[in-house]
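Working through the structure, step by step
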Amino acid sequence: DVKSLENYKVQDTKIMLKKYIDQLPFTLKHVIELSFFQGLTKTEIAKICNIRTSSVSRRLNKAYKIMHNLIVNKKDAVSEYYDDLEDEIVDETEE
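Description of the structure in this document. In this text, all values refer to a predicted model and were calculated from it rather than measured experimentally.

This next bit is on helix H3 (residues 42-49). What H3 keeps buried is the set Ile45, Ala46 and Cys49. Viewed end-on, H3 has its buried residues packed into an arc of 105°, placing them on one side of the element. Looking at the packing, one finds that the buried side of H3 touches helix H2 (26-37) and helix H4 (53-73). In the stretch just after H3, Asn50 is the one whose phi turns positive, near 60°.

By the element assignment, Thr53 lies in helix H4. With relative accessibility at 34%, the residue Thr53 sits in the partly exposed group. Taking the C-alpha atoms as reference points, Thr53 and Lys42, 11 residues apart in sequence, are found 5.9 Å from one another. With residues near it in sequence (within four places) discarded, Thr53 still touches Lys42, Thr43 and Ala46.

Below, the discussion takes up the nonpolar core. Counting residues in hydrophobic clusters, the biggest one holds 17 residues, and the most contacted among them are Ile21, Leu24, Ile32, Ile45 and Met67. Among the elements of the structure, helix H1 (2-21), H2, H3 and H4 are those that each provide at least two residues to this core. The greatest single-element share of this core, amounting to six residues, is contributed by H4. Among residues more than four places away in sequence, those in contact with Ile21 are Lys29, Ile32, Glu33, Phe37 and Met67.

This paragraph deals with the packing of H2 against H4. Between two packed helices, what matters for the description is the angle formed by their axes and the separation of those axes. The N-to-C vectors of H2 and H4 enclose an angle of 100°; their axes lie 9 Å apart at closest approach. It follows from the interaxial angle that H2 and H4 lie roughly perpendicular. Where H2 abuts H4, its residues Thr27, Leu28, Val31, Ile32 and Ser35 lie against Arg59, Leu60, Lys62, Ala63, Tyr64 and Ile66.

Another aspect to go through is the pattern of salt bridges. This model, assessed by the stated rule, comprises three salt bridges. Close ionic contact of Lys29 with Asp22 constitutes a salt bridge, the shortest N to O distance being 3.5 Å. The class for Lys29 is partly exposed, based on a relative accessible area of 22%. Residue Asp22 is classed as partly exposed on the basis of its relative accessible area, which comes to 40%. Linked by salt bridges that have partners in common, Lys18, Asp22, Lys29 and Glu33 make up one network.

Rules behind the numbers
Residues numbered from 1 in each chain as written. Predicted model: local features only at pLDDT ≥ 70, side-chain atom pairs only at ≥ 80, totals over all residues. Heavy atoms only, no water. Buried < 20%, exposed > 50% of the residue type's maximum accessible area, 1.4 Å probe, protein only. Helix = DSSP H or I, 4+ residues; strand = E, 2+ residues; numbered from the N terminus. Arc of directions from axis to C-beta. Contact = heavy atoms within 4.5 Å. Core = buried A, V, L, I, M, F, W, Y, C linked by side-chain atoms within 4.5 Å. Axes fitted to C-alpha atoms, helices over the stretch in contact; angles between N-to-C directions. Parallel < 35°, antiparallel > 145°, perpendicular 65-115°, else oblique. Salt bridge = Lys/Arg side-chain N within 4 Å of Asp/Glu carboxyl O.

So yeah, pure geometry; function would need other evidence.
Right under this line is the structure:
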């Protein structure tokens, strides 16, 4: 039946995405899991993680970008994330 097939596709997609999610740094992985698997809002995630809603948005966007690179480009996007993070830390210490 069509509904069973759709449920199978959704589960299959979640399993495939979990493989990529597991490669993310913890801070990004955590917000993705709360959003994607638990269906929480950015506000709810912010409260759980004790961060601003804007930080949740940034982390989700960064996670999506890394996952896109992993899926489409097969790049080492996690290394790129750490390089970007290092640059941000350096910029903050110079201010």
